[in-house]
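Examining the three-dimensional arrangement
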Amino acid sequence: MERPVVQTYNKPKYIDDYPLGPSFTSGHLTEISSGMRTYKPIIDNEKCVKCLRCFLVCPDGTIDKSGDVLEIDYDFCKGCGICAKECKFNAITMHKEGEI
Amino acid sequence: MSNKIFASGDEALALGVRLARPQVIAAYPITPQTITVERLADYVEDGSLKSEYMYVESEHSAMAACLGASTIGARTFTATSSQGLLYMCECLHYASGSRFPIVMMNANRSTATPWNIYGDQRDSLSQLDTGWIQLYVENGQEALDTVIQAYRIAENPEIMTPVMVNLDGFVLTHTYELVDLPKQSLVDKYIPFKDYPNKMDLDNPMSTCITAGPAWNMEFKYQQHCAIMNSALAIKEADKEFEALFGRSYGGLVENYHCDDADAVIVTLGSVAGTTRIVVDDLRAKGYKVGLLKLRCLRPFPKEELTKILKNVNVVGVLEKDISFGYEGAVFTEVNSALSKLDKMPKTYNFIAGLGGRNISKEDIKGAFEKIIAYSDSKEIVNNVEFVKLGCE
Amino acid sequence: MAINAKNMTNKELFYGHKACGGCAASLTIRWTLKVFGERTIAVVPPNCMSTVGFIFPHMTFGCNAVIPPFAATAAVMSGILAGAEAQGLEDYHVVGFAGDGGTADIGIQSLSGAIDRNDKITYICYDNEAYMNTGIQKSGLTPYGMKTTNTPAGKNIHGSMSQKKNMFEIMAAHEITYAATASVGYPEDMLKKLEKAKNAPGPSYIHVFAPCPTGWGTESDTTIEIGKEAVDCGLWYLAEYENDEFTLNKNPKEFSSVEDYLKKQSRFSHLDEADVNEIISQRDIKWNKIRKNWVR
């Protein structure tokens, strides 16, 4: 699995069902981060040359480079805008949430 | 054929640790624990102990290094005393909250100020709330045996709680007696290595020692509390199983010495119990019905044992080497709280003695018995917290 | 072959965290785990990254990870190493991610001890120049003139009036196997240094200049840009220490404008001309020493 996906964790009914000490399996996500976003990046695949600079500099790692085109995981993109700023080909533009 | 060695308390404890085969040792030297860490270094040097011996830069780092080693599933050992114990205090809460089975020797020593390297119990008794199982030993043999029992208790998968083994500074750490050395093969059988259920695993990664907010925190703390409460049974069983293999036991949580028909009992802990035992014998020979209740385990507190043993006693004196400033001795508070559950609670009296290493003699203890016997007959309301053998008004 | 965006794994080992948008510290962890891989044991003391990274039951590290006590990051790392050695574990890395406060102030004792023991750990300091997690208070690595919540800018206090502690040289003074300074503004240089740290036969330390939009008052999309500008104007330098030698990786022929760099950040908005000149002359003193003593 390249990127973890959100899972449901139900509050255990019995004390013995809690993990031993404050700990849990790594990579277990229960929430998304999209609520933190005001602006949303959109990649124009016509302009994108797959230099992968946006993939490199995203602090949240939301850009997936495995496919033919780059894909942003909008569940976890915070709209910081670094990808758009750093793209030397102006292939990424930031749009206010709700306007697209 | 017995295998006896003439050793100091520190050395006896080191011998016990060697038998327990900790995989990581991280300790910072502090009087009067130093001989223990020195001997362990000797054992690593001569090959009789295979352990990663770490030279840490402080006690806080010593406990932190043990935390680190525990997270990856290694058996650990550390040792400290007074200032060192207080310096690592944050890490004590950390270890118990994270459920790591660390075993630590604490050489009971007075805490500054004033500076004093001699033994009293203010260091460990001020840390009763940190979530560690706390055991107090009476002599070198008990130190050696208890540190081995400590691993059995700590690493029990139902318990997974760190254990502090306390021995009186200088009075025990630096005095010599003949101790019997258990056989390595039997110790290995008694405390085999097993995987810690909460360890980090390279093939199944885990996040540990993490945050838990208001929605989750109480459950983790409740879990921790249940485990240490359940450890009372584990401690008794470990002692019984030790007796089956090695022929010695220490009563589990407490030792009842002539309390069953006693009118007056002194409750105490550590090496003082040994002196008290002799005074009880002397007074019994003279016809006094007195007894000793030795507290071996302070956490979990042996509430049930105390109420059962002391319910028909007229008066109980608690003799301890500490004071909780602004109130009374910490052990006295705990004993009173336990005994208050009884329909007819014995009268109780607190003796604060031995602070800063002041000697507690047989005469002092005899005087304590006489005091509480007189007190039990008296109708006066008296201040029942007394500093023993104070040199001033 | 040097790690780059093309050959770097697509797998994310630090994902779903609640860091502010544009956080260089999270980018530092992301790049480090890309280089060090899945068999990394991450040690993250109480700081922004552990606060946003492990909130039960939401676990954003994909590798083994532990929060140590604040002062004890390096001591816990050493303990993990000792425990792993004792059990004969192989093919793993112990990496710490501490902030500037957790490195230069409260964490310095245990860091010094771990390096002194020559423990093979990699300690990454992400330097956002203040205690950000607790609300932007001054640390030992807060630069001259920065406004923080406990060095406010006013008539009496003019922001922080002390210099950054020289952690890179402090580590070099321990004769550490490998130490380097880096910046998120120069990704290729930083990735190369992470790789060197991973392969170093002893302890390694990387000091990463990590802009913080929230604490510095910068736009969230300028993080990489500011990280580059700090190096270009000489207020940060890219260097390495190994085999008893300092190497300067980038020696600008001409520095870009310090004033432009400072003016972009509201943490410096109160500085007057005298302050800016003081900062420039401090930079010049430092660079004279660097240019005289370090191999280029």
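Everything here concerns the structure above.
Residues numbered from 1 in each chain as written. Chains lettered and ligands numbered in written order. Predicted model: local features only at pLDDT ≥ 70, side-chain atom pairs only at ≥ 80, totals over all residues.

1. What to know about the overall build of chain A
- In terms of helices and strands, chain A carries 2 helices and 5 strands.
- Listed N to C, the secondary structure of chain A is β-β-α-β-β-α-β in terms of helices and strands.
- Against the compact-globule benchmark of 13 Å for 100 residues, chain A has a radius of gyration of 17 Å, which places it well outside the compact range.
- Projected onto its principal axes, the C-alpha positions of chain A cover 55 × 30 × 20 Å.
- Burial statistics for chain A: of 100 residues in total, 36% are counted as buried.
- Pairs at least 24 residues apart make up 67% of the contacts formed inside chain A by residues separated by at least 6 positions. (Helix = DSSP H or I, 4+ residues; strand = E, 2+ residues; numbered from the N terminus. Rg over C-alpha atoms; globule rule 2.2 N^0.38 Å. Buried ≥ 20, exposed ≤ 12 C-beta atoms within 10 Å, placed from the backbone. Contact = placed C-beta atoms within 7 Å.)

2. Considering the packing of helix α3 (residues 59–71) of chain B against helix α5 (residues 89–97) of chain B
Residue and element names in this part refer to chain B.
- Between α3 and α5, the shortest axis-to-axis distance is 9 Å and the interhelical angle comes to 15 degrees. If you check the angle between α3 and α5, you find them roughly parallel. Seen from above, α3 lies across α5 with left-handed handedness. Note on element contacts: α5 touches α3 through Cys91, Leu92, Tyr94 and Ala95, opposite His60, Met63, Ala64 and Leu67. (Axes fitted to C-alpha atoms, helices over the stretch in contact; angles between N-to-C directions. Parallel < 35°, antiparallel > 145°, perpendicular 65-115°, else oblique. Left-handed = near helix turned anticlockwise from the far one by under 90°.)

3. Quick notes on helix α7 (residues 140–154) of chain B
- The terminal C-alpha atoms of α7(B) lie 21 Å apart, and with 15 residues this matches the ideal 21 Å at 1.5 Å per residue to within 8%.
- Of all the 15 residues making up α7(B), 15 are buried; the element is thus mostly covered by neighbouring parts of the structure. (Expected span 1.5 Å × (residues − 1).)

4. Re the sheet that holds strand β10 (residues 254–257) of chain B
All names here are of chain B.
- Read across the open sheet, the 6 strands follow the order β10-β12-β11-β14-β15-β16; overall the sheet is mixed. In this open sheet, the two edge strands, each paired with only one partner strand, are β10 and β16 (385–387). Within the sheet, the average angular offset between the axes of one strand and its neighbour, ignoring direction, is 20 degrees.
- Across 6 bridges, the pairing between strand β14 (residues 315–320) and strand β15 (residues 347–352) is parallel. Across the sheet, the residue bridging to Val316 is Thr348, located in β15.
- On the sheet, helix α12 (residues 330–339) packs against β11 (264–268), β12 (290–295), β14 and β15 and is oriented at approximately 155 degrees with respect to β14. (Pairing = 2+ DSSP bridges.)

5. Some words on the nonpolar core
- If you look at the biggest cluster of nonpolar residues, it comprises 242 residues, and the most contacted ones within it are Ala65(B), Val147(B), Val165(B) and Val265(B).
- Among the elements that take part in this core, helix α3 (residues 73–86) of chain C stands out by supplying 9 residues, more than any other.
- Not counting the four nearest positions on each side in its chain, Ala65(B) is found in contact with Ala26(B), Met54(B), Val56(B), Ala75(C), Val76(C), Ser78(C), Gly79(C) and Ala82(C). (Core = buried A, V, L, I, M, F, W, Y, C linked by C-beta atoms within 7 Å.)

6. Notes on the sheet that holds strand β5 (residues 93–99) of chain C
- Overall, mixed pairing links the 10 strands, which are arranged β1(A)-β9(B)-β4(C)-β1(C)-β5(C)-β6(C)-β8(C)-β7(C)-β9(C)-β10(C) in an open sheet. Each having just a single partner strand, β1 (23–25) of chain A together with β10 (245–248) of chain C make up the two edges of the open sheet. Ignoring which end each strand starts from, the neighbouring axes of this sheet average 15 degrees apart.
- Where strand β9 (residues 206–208) of chain B and strand β4 (residues 64–66) of chain C come together, 2 bridges link them in parallel fashion. Across the sheet, the residue bridging to Ser207(B) is Ala65(C), located in β4(C).

7. Let's talk about unusual backbone geometry
- A cis geometry characterises the amide bond from Thr31(B) onward to Pro32(B), with omega recorded as 0 degrees.
- Its location among the elements puts Pro32(B) in the loop between β2 (24–26) and α2 (34–45).
- Note the cis peptide between Arg299(B) and Pro300(B), where omega equals 5 degrees.
- Relative to the helices and strands, Pro300(B) resides in the loop between β13 (297–299) and α11 (303–310).
- In this model, Asn90(A) sits at a positive phi of 50 degrees, which is unusual for a non-glycine residue.

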